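A closer look at the structure
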Amino acid sequence: MGTILFYIFESTLCLTILYFLFRLFFRKDTLFRTNRFLLLAGTMACTLLPLLQIDVPQYTTLQLPITTVRHLLTEKEIDVQREGGTGEKHLSEEASLLMAEKGEGIEGDRTNVIHTIPVIWLLGSCYFIGALIVLAFLLLSTIRMRRLIRSYPACNYGKYKLVICPEKIVSFSWGHTIVLSQEDYERNPGEILLHEQMHLQHRHTLDLLWMECIVIFHWFNPAAWLLMRELREVHEYEADNGVINNGIDATEYQLLLVKKSVGARLYSMACGFNHSKLKNRITMMLKRRTNNWARLKLLLFVPVAAGTLYAFARPEVKKTVEQAINASASVKQNSVQESELQQLEAFFTRKANDAMGGKMESQTEKSTDRFYSFFVNMRNKMMLNQELIKEYDVETLSARLKDLLRKEYRKVANTDKRQVPGLFVRYDRGSSSTAITSYLRTIKEAYLQVRGEISGELGGVSEARLDSLLPIFVSFGEPKIYSSKYKTASDIFLPIEVSLYPKGGTSSVIKNPSLQELELKDYRTVANSDGLSVGLKFDKDVTMGIVEDVKEVIRTTLSHK
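Model, not experiment: these values are computed from the prediction. Starting from 1, residues in each chain are numbered consecutively following that chain's sequence as written. The model is predicted, so local features are restricted to residues of pLDDT at least 70 and side-chain atom pairs to those at 80 or more, both for listing and for counting; the totals for chains, interfaces and linings are taken over all residues. With hydrogens and water stripped out, all remaining heavy atoms of the structure feed into the side-chain values.

**A look at the overall build of the protein chain**
To be explicit about the condition: Each helix corresponds to a stretch of at least 4 residues labelled H or I by DSSP, and each strand to a stretch of at least 2 residues labelled E; elements are numbered beginning at the N terminus. With a 1.4 Å probe rolled over the protein chains alone, any residue whose accessible area is under 20% of its type maximum counts as buried; one over 50% counts as exposed, and the rest are partly exposed. Only the protein chains shown count as cover for residues, and the accessible areas themselves come from Shrake-Rupley with a 1.4 Å probe.
Per the secondary structure count, the protein chain includes 19 helices and 16 strands. For the protein chain, with 561 residues in total, the buried portion stands at 49%. Carbon and sulfur atoms form 56% of the exposed surface of the protein chain, whose accessible area is close to 27700 Å².

**So, the nonpolar core**
Short version of the rule: To qualify as a nonpolar core, a set must consist of buried Ala, Val, Leu, Ile, Met, Phe, Trp, Tyr and Cys residues joined through side-chain atoms within 4.5 Å. Every residue pair with non-hydrogen atoms within 4.5 Å of one another is taken to be in contact.
Judged by nonpolar contacts, the single largest core of 56 residues is most densely connected at F374, L423, Y439, I443, V498 and V550. For this core, the leading source of residues is helix α16 (residues 433–457), giving 9 residues. If we ignore the near neighbours within four places in the chain, the residues touching V498 are S508, V509, I510, P513, L518, V534, G535, L536 and I554. Of all hydrophobic cores here, the second largest spans 39 residues; its members include L15, Y19, I66 and L309.

**Brief notes about the side chain of E391**
Applied cut-off: Charged residues are defined narrowly, with Lys and Arg counted positive, Asp and Glu counted negative, and His plus the chain ends left uncounted. Take a side-chain nitrogen of Lys or Arg and a carboxyl oxygen of Asp or Glu: if they are within 4 Å of each other, that pair is a salt bridge.
On the secondary structure map, E391 appears in the loop between β11 (387–389) and α15 (394–415). No salt bridge is formed by the buried E391. Its closest oppositely charged neighbour is K381, at 4.4 Å. Excluding residues within four positions of it along the chain, E391 makes contact with H71, L72, R379, N380, K381 and Y439.

**Considerations on the packing of aromatic side chains**
Keep this limit in mind: Centres within 6.5 Å make a pair out of two Phe, Tyr or Trp rings, where for Trp the six-membered ring is used; the pair is then stacked when the planes are under 30 degrees apart, edge-to-face when over 60, and tilted otherwise. Charge-over-ring placement is defined geometrically: NZ (Lys) or CZ (Arg) within 6 Å of the ring centre, and within 35 degrees of the ring normal.
For the structure on display, the rule yields 11 aromatic pairs. Where F347 meets F348, the ring centres are 5.5 Å apart and the plane angle is 70°; that geometry is what we call edge-to-face. An aromatic cluster of three or more residues is present, and its members are Y127, F128, W219 and F220. Above the plane of the ring of F347 lies K444, whose end atom (NZ or CZ) is 4.5 Å from the centre.

**Concerning the confidence of the model for the protein chain**
So the rule is basically this: Confidence of the predictor in every single residue is expressed as pLDDT, which spans 0 to 100.
With 75% of its residues at a pLDDT of 70 or more, the protein chain shows a mean pLDDT of 76. The low-confidence segment residues 98–116 (pLDDT under 50) makes 31 contacts with residues lying over four places distant or belonging to another chain.

**Brief notes about a nonpolar patch on the surface**
Threshold: Residues form patches when they are more than 30% accessible in relative terms and have no salt bridge. Like charges link within 9 Å. Nonpolar side chains (Val, Leu, Ile, Met, Phe, Trp, Tyr) link within 5 Å.
Where nonpolar side chains cluster on the molecular surface, the patch consists of F20, L24, F25 and L300 and spans about 400 Å² of accessible area. Among the structural elements, F20 can be located in helix α1 (residues 2–25). A residue is classified by how much of its surface remains accessible, and F20, at 48% relative accessible area, is partly exposed.

**Examining the packing of helix α10 (residues 222–245) against helix α12 (residues 278–286)**
Short version of the rule: All axes here are fitted lines through C-alpha atoms, helices being fitted over the stretch that makes contact, and every angle between N-to-C directions spans 0 to 180 degrees. In what follows, roughly perpendicular refers to angles from 65 to 115 degrees, roughly parallel to angles under 35, roughly antiparallel to angles over 145, and oblique to any angle outside these ranges. Each helix crossing is assigned a hand: it is left-handed if the near helix lies turned anticlockwise from the far helix by less than a right angle, otherwise right-handed if that turn is clockwise.
Put simply, α10 and α12 touch, their axes get as near as 10 Å, and they point 45° apart. Between α10 and α12, the angle is such that the two are oblique. For α10 against α12, the interelement crossing comes out right-handed. Only N280, R281, M284 and M285 of α12 make contact with α10, whose side of the interface consists of E233, E236, Y237, D240 and I244.

**With respect to the packing of α1 against helix α13 (residues 301–312)**
This is how the line gets drawn: Under the grouping applied here, Gly and all other residues not named as nonpolar or charged are polar, the nonpolar ones being Ala, Val, Leu, Ile, Met, Phe, Trp, Tyr, Cys and Pro and the charged ones Asp, Glu, Lys and Arg.
In contact at an axis separation of 12 Å, α1 and α13 are set at 160° when each is read in the N-to-C sense. One element, α1, and the other, α13, form an angle in the roughly antiparallel class. The two elements α1 and α13 cross, and the hand of that crossing is right-handed. In this structure, α1 contributes E10, L13, C14, I17, L18 and L21 to the contact, and α13 contributes F301, V304, T308 and F312. Taken together, the residues of the contact of α1 with α13 sort by class into 8 nonpolar, 1 polar and 1 charged.

As structure tokens, then:
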């Protein structure tokens, strides 16, 4: 249900962008066929663009709002199991985060978590009920129209059918049938018949059927209704232009429009003689023809479509593992291109190691006076130094961390004493790998920006001096096991691809293996004596628990081969 709602959300954004672009750049043009093509092709593109998926190396600010909505709509129900004994120890940090968020006990927050899915299903139910209501009105209008057509005899009018209705109705056309009132047939048969014939000749009925489908699926979106109105106006402009080009006097035709401007539109699916605003139609008839070069404005949609696809993109999460093989295995690994997450972890390790003069201790906490804590729960919400930050809110994370670092770094800069606190990072096994990558990137940028500010205040110092005076101390704790469901079973298929790169040999790929399959894999038969590199590619938003389990299995298996 959440996936469907998110697709509707993305296509709604596309339709809204399309409407405003049409309104700003194309609405006043007299290139009616081009405008008609634009509205039809544009609405079709709006339904297809969200189905296309492209990958980008990392999150940017353009993707974060879309990602937040995706997370809210597609987040699955999390049933938190709270057990005694050792289980309570694993819950301490997560429980404090949840209680800080709601200001209540653990049980109260548990109720809130369990009701996440019912809210999504409620939204989905409201959406489908609204769509069914719009569909019902559409079917009712169609039934009334067909009933009227069949109530009176039809005669041949060229390749179309002509129905003369004695009732006082607005003349309209549908499919291959033209319906005229008795009054219109007696007084102005030529102009009105020709106008309706133009509608049928250009097959405007098919356009309206398509737009009605768009309105059914986007009944809540004003842009969908406005786009259908714009298309109806383009239809009238095109039909009016056809009437004028067939030799009808423009002045007399405009006077006829004024006379027929009063009337009720009974059938939403039909092409009627006065469906459009009178002033707009007369203005278009009198307006100077738009130059054909104006069609080049269609190129505006190329960067707009590209930008929309980029905003909808999701970072491709790639995990690569490089584990040295001991001497007994006689296999030496070669380096594999690191993912962004690995690069960030390596960056923090290198910086801490540089600050220690190449003698990095096993626990970074021993190298500093105190540590700030940064914890991420399985719903990707953060807690920085016991202060809650909602999921994916990297701007708040950046601002709070910068404030802490500025305060501490300025103390060090003024006293020239090495008493810089570190940041202890710990995340839940159920958290998203893309979220962790985004958070670590934000932490890195915060450190670099604050160090740059302090360096400027000191008159500019070298990078080595900054590492010594204002070091970056970030350490990582073991991922917490908050729920048993995030312990990866050995016999289930995982959303990963394992790529084997033997030096000088042919690479191979294992798709969707289980942990058991990875443990039993004979890597020695793949690698030659020079070595083997292993690359891992994970599906988007895979949990960190799966990441850690797969890395550990491959690391252990390789070291024993």
